[in-house]
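Coordinates in review
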Amino acid sequence: METKEYSENKDITVLWTPSRCKHAGVCVKTLPKVYHPKDKPWITPTEATADELKQQIERCPTGALGYRLNH
């Protein structure tokens with residue numbers, strides 16, 4: 001399973017596994033400044049804090065989104 005990494009935020013790296021994504025839209029609805037499905041890259045982690053990203057990612061119903069703290 002391929003996982004893509006979005007690490008522009010110095011505190012957290014957002015991980016996305018496309019094959020798990022069912023496009024439920026929870027991410028876009030929760031943090032619209034971060035997630036832009038029609039853009040490339042579609043995830044802009046600099047538009048939220050690490051805590052905001054963690055809270056949103058933990059709500060992903062399919063587990064397609066994950067994170068790694070950059071410490």
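Every residue gets a number counted from 1 within its own chain, in the order that chain's sequence is written. Local features in this predicted model are restricted to residues of pLDDT 70 or higher, and side-chain atom pairs are both shown and tallied only at a pLDDT of 80 or more, whereas totals for entire chains, interfaces and linings draw on every residue. Hydrogens and water are ignored here; the side-chain numbers use all heavy atoms of the structure.

With respect to the overall build of the protein
This is how the line gets drawn: Helix numbering and strand numbering both begin at the N terminus, where a helix is a DSSP run of H or I of at least 4 residues and a strand a DSSP run of E of at least 2. Working definition: with a 1.4 Å probe on protein chains only, accessible area under 20% of the residue-type maximum means buried, over 50% means exposed, and in between means partly exposed.
Helix and strand counts for the protein come out as two helices and three strands. Its helices and strands in sequence order give the protein the pattern β-β-α-α-β, from N to C terminus. For the protein, the spread of C-alpha atoms along the three principal axes comes to 30 × 25 × 25 Å. Across the 71 residues of the protein, 37% fall into the buried class.

Points about the pattern of salt bridges
As a reminder, the rule being used: In what follows, salt bridge is the name for a side-chain nitrogen of Lys or Arg lying within 4 Å of a carboxyl oxygen of Asp or Glu.
Going through the model one piece at a time under the given rule, you end up with three salt bridges. Between Arg 68 and Glu 5 there is a salt bridge whose closest N-O contact spans 3.1 Å. You can see Arg 68 sitting in strand S3 (residues 65-69) and its partner Glu 5 sitting in strand S1 (residues 4-6), a full 63 residues away along the chain. Here Arg 68 falls in the partly exposed class, since its relative accessible area comes to 37%. Lys 10 is the partner of Asp 11 in a salt bridge, and the nearest nitrogen-oxygen pair spans 3.8 Å. Accessibility expressed as a relative area gives 32% for Asp 11, which makes it partly exposed.

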